[in-house]
Amino acid sequence: MFFLSVFGLYAQNASIYGTISDENNQPVPYATISLKGTSKGTMANDQGSYRLEQLEAGQYTLVFSAVGYIKATQQIDLKINESLEINFTLQTDLEALNEVVITSNRVRETLDEVPSSVSVLSSKEIESYQQTSTNIADVLLEIPGISLSTNQTSNTGQTLRGRKMLILIDGIPQSTPLRNGSRDINTIDPNTIERIEVIKGATAIYGNGADGGIVNYITKKTDAAKPFESTTMIGSTGALKTIEKTVGANISQTFSGNLDKLGYVVNGTFRQTGVFRDADGEVISPYYGIGETDQYSLFGKLNYQIADNHKVELMYNYFSSNQNSDYVAQVGEYGVTPSIGVLGEDLAVDQGNRYNHNAQLTYDFTNIFKNTDFKLNLYAQDFRTVYGYTTSFYDPNLGFDGGQSSIISTKMGARFNFNTTYQFGEVSGNVLYGLDVLNDVTAQELIDGRPWVPETDMTNIAPYAQLKTLYKNFVFKAGVRFENIGIHIPDYVTLTRYAAGATTPSSGGVAVDGGDLDYNATTFNVGLRYNKWSVFKPFVSFSQSFSIADLGRTLRSATESTVSQINSDAVIANNYEIGFNSRIGQTNFSGAYFISTSKFGATYTELPSGIFEIDRQPERVYGFEVAADTKLSQYFNLGGSFSYTEGKLDVENNDNYDTYMNSDRIPPVKGVLYLGYNLSNAFNARISYIYSGSRDHFEANENGDYSYGQGPISSFNLVNLSTSYQMSPSTTIGLGIENLLNEDYYNLLSQFAARNNDYIKANGARFNVSLTVKL
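Since this is a predicted model, take the numbers as computed values, not measurements.

Rules of the game
- Residues numbered from 1 in each chain as written.
- Predicted model: local features only at pLDDT ≥ 70, side-chain atom pairs only at ≥ 80, totals over all residues.
- Heavy atoms only, no water.
- Helix = DSSP H or I, 4+ residues; strand = E, 2+ residues; numbered from the N terminus.
- Buried < 20%, exposed > 50% of the residue type's maximum accessible area, 1.4 Å probe, protein only.
- Contact = heavy atoms within 4.5 Å.
- Areas by Shrake-Rupley, 256 points an atom, 1.4 Å probe, with all protein chains shown as cover.
- Lys, Arg positive; Asp, Glu negative; His and termini not counted.
- Charge placed at Lys NZ, Arg CZ, Asp CG, Glu CD.
- Salt bridge = Lys/Arg side-chain N within 4 Å of Asp/Glu carboxyl O.
- Phe/Tyr/Trp six-rings, centres within 6.5 Å; stacked < 30°, edge-to-face > 60°.
- Pairing = 2+ DSSP bridges.
- Axes fitted to C-alpha atoms, helices over the stretch in contact; angles between N-to-C directions.
- Polar contact = N/O pair within 3.5 Å; in protein donor to acceptor, adjacent residues only side chain to side chain.
- Patch = residues over 30% accessible without salt bridge, like charges linked within 9 Å, V, L, I, M, F, W, Y side chains within 5 Å.

### Points about the overall build of the protein chain
- Within the protein chain, the regular secondary structure consists of five helices and 44 strands.
- When the backbone C-alpha atoms are referred to their principal axes, the protein chain occupies close to 100 × 65 × 50 Å.
- Split into buried and exposed, the 775 residues of the protein chain put 55% on the buried side.
- Sequence-distant contacts, at least 24 apart, represent 67% of the contacts inside the protein chain between residues at least 6 apart.
- Per element, the accessible surface of the protein chain, about 32,400 Å² overall, is 55% carbon and sulfur.
- For the protein chain, the separation between the mean place of its 56 positive charges and that of its 81 negative charges on side chains is 7 Å.

### Side note on the pattern of salt bridges
- Evaluated as defined, the whole model comprises 26 salt bridges.
- Linking Arg 271 and Asp 189 is a salt bridge whose minimum nitrogen-to-oxygen distance equals 2.7 Å. Taken together, the residues span a long stretch of sequence, with Arg 271 in strand β18 (residues 262–272) and Asp 189 in the loop between β13 (172–173) and β14 (193–200) at a distance of 82 residues.
- Bridged by salt links that share partners, the residues Glu 109, Glu 113, Lys 468 and Lys 477 form one connected network.

### Let's talk about the environment of Asp 184
- With respect to the helices and strands, the residue Asp 184 is situated in the loop between β13 and β14.
- Take Asp 184: its relative accessible area is 8%, and that puts it in the buried class.
- Placed 76 residues apart in sequence, Asp 184 and Arg 108 show a C-alpha to C-alpha distance of 25 Å.
- Residue contacts for Asp 184: discarding those within four places in its chain leaves Asn 155, Met 165, Ile 167, Gln 174 and Ser 175.

### Describing the packing of aromatic side chains
- Applying the stated rule across the entire model yields 27 aromatic pairs.
- Centroid distance Phe 393 to Trp 452: 4.9 Å. Interplanar angle 85°. Geometry classified as edge-to-face. With Phe 393 in the loop between β24 (372–386) and β25 (405–424) and Trp 452 in strand β27 (residues 451–471), this pair connects stretches of sequence that are 59 residues apart.
- For Phe 393, a relative accessible area of 4% gives the class buried.
- Between Phe 536 and Phe 580, the ring centres sit 5.8 Å apart and the planes meet at 35°, which makes this aromatic pair tilted. Of this pair, Phe 536 sits in the loop between β31 (515–530) and β32 (537–547) while Phe 580 sits in strand β33 (residues 571–584), placing them 44 residues apart in sequence.
- According to the relative accessible area criterion, Phe 580 is partly exposed, its value standing at 27%.

### Some thoughts on the sheet that holds β13
- Strand order in this open sheet of five strands is β11-β14-β15-β12-β13, and the pairing throughout is mixed. Taken across any chain shown, the strands that pair with only one partner, and hence form the sheet edges, are β11 (118–121) and β13.
- Sheet topology places strand β12 (residues 165–169) next to strand β15 (residues 213–219); five bridges connect them, and they run parallel. Among the inter-strand pairings, Leu 166 is bridged to a residue of β15, identified as Ile 214.

### Things to note about the pairing of strand β43 (residues 731–738)
- Bridge count for strand β42 (residues 716–728) against β43 is seven bridges, and the pairing is antiparallel. Its bridge partner being in β43, Tyr 725 is matched across the sheet by Ile 733.
- In this sheet, strand β44 (residues 766–774) lies alongside β43 in antiparallel orientation, the contact comprising eight bridges. Each residue of the ladder has a partner; that of Thr 732, found in β44, is Thr 772.

### Some points on the sheet that holds strand β5 (residues 58–65)
- An order of β3-β2-β5-β6 is seen for the four strands of this open sheet, with the pairing classed as antiparallel. In this open sheet, the two strands that pair with only one neighbour each are β3 (41–43) and β6 (72–78). Across the sheet, the mean angle from the axis of one strand to that of its neighbour is 20°, orientation sign disregarded.
- Note that β5 and β6 share seven bridges and pair antiparallel.

### As for the pairing of β27
- Pairing analysis gives 18 bridges linking strand β26 (residues 427–446) to β27, with the strands arranged antiparallel. Paired with Glu 445 across the two strands is Pro 451, which belongs to β27.
- Hairpin connection between β26 and β27: a loop of four residues separates the two successive antiparallel strands, and Gly 449 in this loop has a positive phi of roughly 105°.
- Bridge analysis of β27 against strand β28 (residues 474–489) gives 13 bridges, and the strand direction is antiparallel. Across the sheet, the residue bridging to Gln 466 is Gly 479, located in β28.
- Hairpin connection of β27 to β28: two residues between the antiparallel strands, including Lys 472 at a positive phi of 50°.

### A word on the environment of Asp 658
- Topologically, Asp 658 is positioned in the loop between β38 (636–649) and β39 (659–660).
- It is 41 Å that separates the C-alpha atoms of Asp 658 and Gln 130, two residues lying 528 residues apart in sequence.
- A polar contact of 3.3 Å, which involves the side chain of Asp 658, links it to the side chain of Thr 659.

### Quick word on the side chain of Ser 116
- With respect to the helices and strands, the residue Ser 116 is situated in the loop between β10 (109–110) and β11.
- Among all residues touching Ser 116, those that are not within four sequence positions of it are Phe 539, Ser 541 and Glu 577.

### Digging into a nonpolar patch on the surface
- Nonpolar side chains collect at one region of the surface, where Tyr 471, Phe 474, Phe 476, Val 526, Leu 528, Val 540, Ile 578, Tyr 593, Phe 624, Val 626 and Phe 642 lie side by side and expose about 890 Å² of accessible area between them.
- Counting residues per element, the ones that place at least two in the nonpolar patch are β28, β31 and β37 (619–631).
- Within the secondary structure layout, Phe 624 lies in strand β37.

### Quick notes on unusual backbone geometry
- The phi torsion at Asn 151 lies on the positive side, around 65°, for a residue other than glycine.
- Mapping Asn 151 onto the fold places it in the loop between α3 (136–139) and β12.

Here is the structure:
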């Protein structure tokens, strides 16, 4: 028996190894390799490399497969003790979705492996949208489920499926959930972004704050095919009606290349916007505006291939956008006359995102042990945003006529990720597991030094595991995450507030004993997808998210003397979704219906004193999204989408959801229709039509006034145009026009806020011209 066992070991030490690539010589990550008729098999790593060991000599049929590619086979003759290299090229399945998604499960995978709704904006799409508007919030305009932008520094009301979304840059959280300042969307320049991935529905894969889903800005990668490559872009923007003082300029420079094992990309961008004007040529109020801003961006990324299975990458991104206006707000009257800008001197400091630093070190170790890859992410973010001046911070005892608030947030985190692949006959897949650690310190203070929200220190430790199983045409996913959050709050005194002209305070001055808050929760997700028919690929999923409902707003309005008495229960959102993807000839369809519930709510209610508090009633948000696109001819393609979201509260907590949620959470219906023209990549043009519907569910009070978030919303129509022409292999010119038909309308925020300051018209027709030279 000993002799036979030793002989068997020597008879099975042959092996097969190699790399799986596509037609463009790019690696196919996580392709499946199996020996037909046996239980032997493996899965390639994220670089397309694989290895099969302990094989007996003989003739075999190798089977290569990957979602989005045509299954293929190859006959081999394996000799005793032979180490046989088989490199194989898979052909793209034109009937399959083959867009790569990273953030849905923190590994590279195709859309056909994701049992949930996903939208991905490619670099070409970002360039096209950016040709119309250089504001990153507008780049998200046409994504189904995302509300329209505000044309302000604040993204209040720009929700995803009626709930807040977690904004990421390469997986680094930009949102400030401990004190939600609604300034996380506009934290990066579009020229820095390679692609944008939007994962819809509640998810906990990246931790706190993704009740509606996540938006991940994926920064540019070092994919230049030569040692040095330069891309220079210069441009100008302005209004088409009353151009005076509206002209702005921008310049962007990118260097990239690959030097043996070292890859690099560096970008610097400067933008200066002019005055924004409405459709009548009137200057738009500078209140939280993005006109007359100076915007700076600096980005760099280095990666080095230490060895075949070791890689390290370093990324840094800096972004700053500050308003420097010659105008001050002339406040109008809600529903009657808009607030406008008039020449004047603003005594306040510049408002805007003062700075946003992001840095990340990523270390990849493929095959750290059998069939297992390891990835380590170490990241940091340092963020500060400054709000506009308001007399609501009047304090006669301290000699302040008003003030400006500022949110400061510093995050440091680490992610330890392991990815183990497995193969049992026709069943294959992977298990992703690891540990996330995050420290978030957030405070809100006035520029003059008065504290408003105490320095809140959160530590989050979260182990997690995610299983993916592929069997024939089925994709099954299930995961669990264990949230362990501890928050330390120091002793503090709430900010004393005075009514205009008063000498005695109307609120604040409460001495609050600090303490520690602990949040522990287990969140789950499970999903199933079936990919047999290209004409109908259905999926069904359930997922949960975990978020703290703007603790800072609760703390700054505290009326109790101890932290333990404050109602700060976390929100766990449950997302139920059913959807499909279809392809019939040259036409793609997709659709999804969703219901999102939570026991505790996160809706703001404005008290008669003007102070906001968070309603904690149960919430139910539901809706659907449909999208389609088709190739009409060699040159024309047509597409569009429709999004509907509604939300209601169970005010009496009796399972009767009969009260509509405010419009700062729930947007009106949105429809998008576009027509594209592409002439052999030499000339491209795209015209899009955006329809925003009406929403009017609330009654005015006896004085005819509406509470915040309940103002009636009227419908409006927008038409945008973007074009580009490649003059030579290295030179491209572009022209885009925002609001081509010069629609006279108010943004959603201006309407639902129902406040004089916010009653501001949207941009009239604006142009954006650019020249890009690539060498």
